[in-house]
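Each chain, written out:
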Amino acid sequence: MAAPAQAAPAPALPAAALPSPPASDAELLGVLATIHAVNREAAAPGRTRGTDRRVRALAETVTRHAIAGQRRQMALSQEIEQRAVDGDTGDGLRFAARRASPGLAALGRGPGFDEAWLKGQIETLMLVIDAINNKSRPFAQAPALQQELVAVVEQAAADLAAAQALQAALAQPVS
């Protein structure tokens, strides 16, 4: 009896195809800029098309946090005398965040839209937290940048908790 065929191991990606970690604080400033832009972009449909007032309020809160973060990022850029530059981490986050809410534009207003928006918002916030904790904070050199990354991840975690609580509340049957 012949031995079962074994699957060949997956080929390794060439080094050029693997995303590289941020190489400098300037790239990390770019990641911060991307995070704030992604959060604003993800919140916009909830602000304009959400039907539940709590959905609109959460979207407004996330937007305010992103705007405040953009202001802090600009001040930090001047403080550490670095300009934000794009890199693989920011590009990957932008791509993944846009995929977090597929088909949202095709949905009409109503509870289905609110649920889909919340699901996408939760995914986006989880991507943001991952981008900071696993792909940015370990590489930050400037102490002020390290502190800002902590502040942004804490705010994203609070927004995530609020989004998850709202998702659970919307799932409760109305009596």
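Residues numbered from 1 in each chain as written. Predicted model: local features only at pLDDT ≥ 70, side-chain atom pairs only at ≥ 80, totals over all residues. Heavy atoms only, no water.

Q: Quick question: what am I supposed to make of the packing of helix 1 (residues 25–49) against helix 2 (residues 53–79) here?
A: What describes two packed helices is the angle between their axes and the distance between those same axes. Contact geometry for helix 1 and helix 2: axes closest at 8 Å, N-to-C directions at 160°. Classified by the interaxial angle, the pair formed by helix 1 and helix 2 is roughly antiparallel. Our pair here, helix 1 against helix 2, has a crossing hand that is left-handed. Looking at side-chain class alone, the contact of helix 1 with helix 2 contains 11 nonpolar, eight polar and four charged residues. (Axes fitted to C-alpha atoms, helices over the stretch in contact; angles between N-to-C directions. Helix = DSSP H or I, 4+ residues; strand = E, 2+ residues; numbered from the N terminus. Parallel < 35°, antiparallel > 145°, perpendicular 65-115°, else oblique. Left-handed = near helix turned anticlockwise from the far one by under 90°. Nonpolar A, V, L, I, M, F, W, Y, C, P; charged D, E, K, R; others polar.)

Q: I would appreciate a short explanation of the side chain of Asp-114 in the present structure.
A: Within the element layout of this structure, Asp-114 appears in helix 4 (residues 111–135). Despite its burial, Asp-114 pairs with no opposite charge, the nearest such side chain being Arg-56 at 6.7 Å. A distance of 2.7 Å separates the side chain of Asp-114 from the side chain of Thr-51, its partner in a polar contact. Excluding anything up to four places from it in sequence, Asp-114 contacts Arg-49, Gly-50, Thr-51, Asp-52 and Val-55. (Buried < 20%, exposed > 50% of the residue type's maximum accessible area, 1.4 Å probe, protein only. Lys, Arg positive; Asp, Glu negative; His and termini not counted. Salt bridge = Lys/Arg side-chain N within 4 Å of Asp/Glu carboxyl O. Polar contact = N/O pair within 3.5 Å; in protein donor to acceptor, adjacent residues only side chain to side chain. Contact = heavy atoms within 4.5 Å.)

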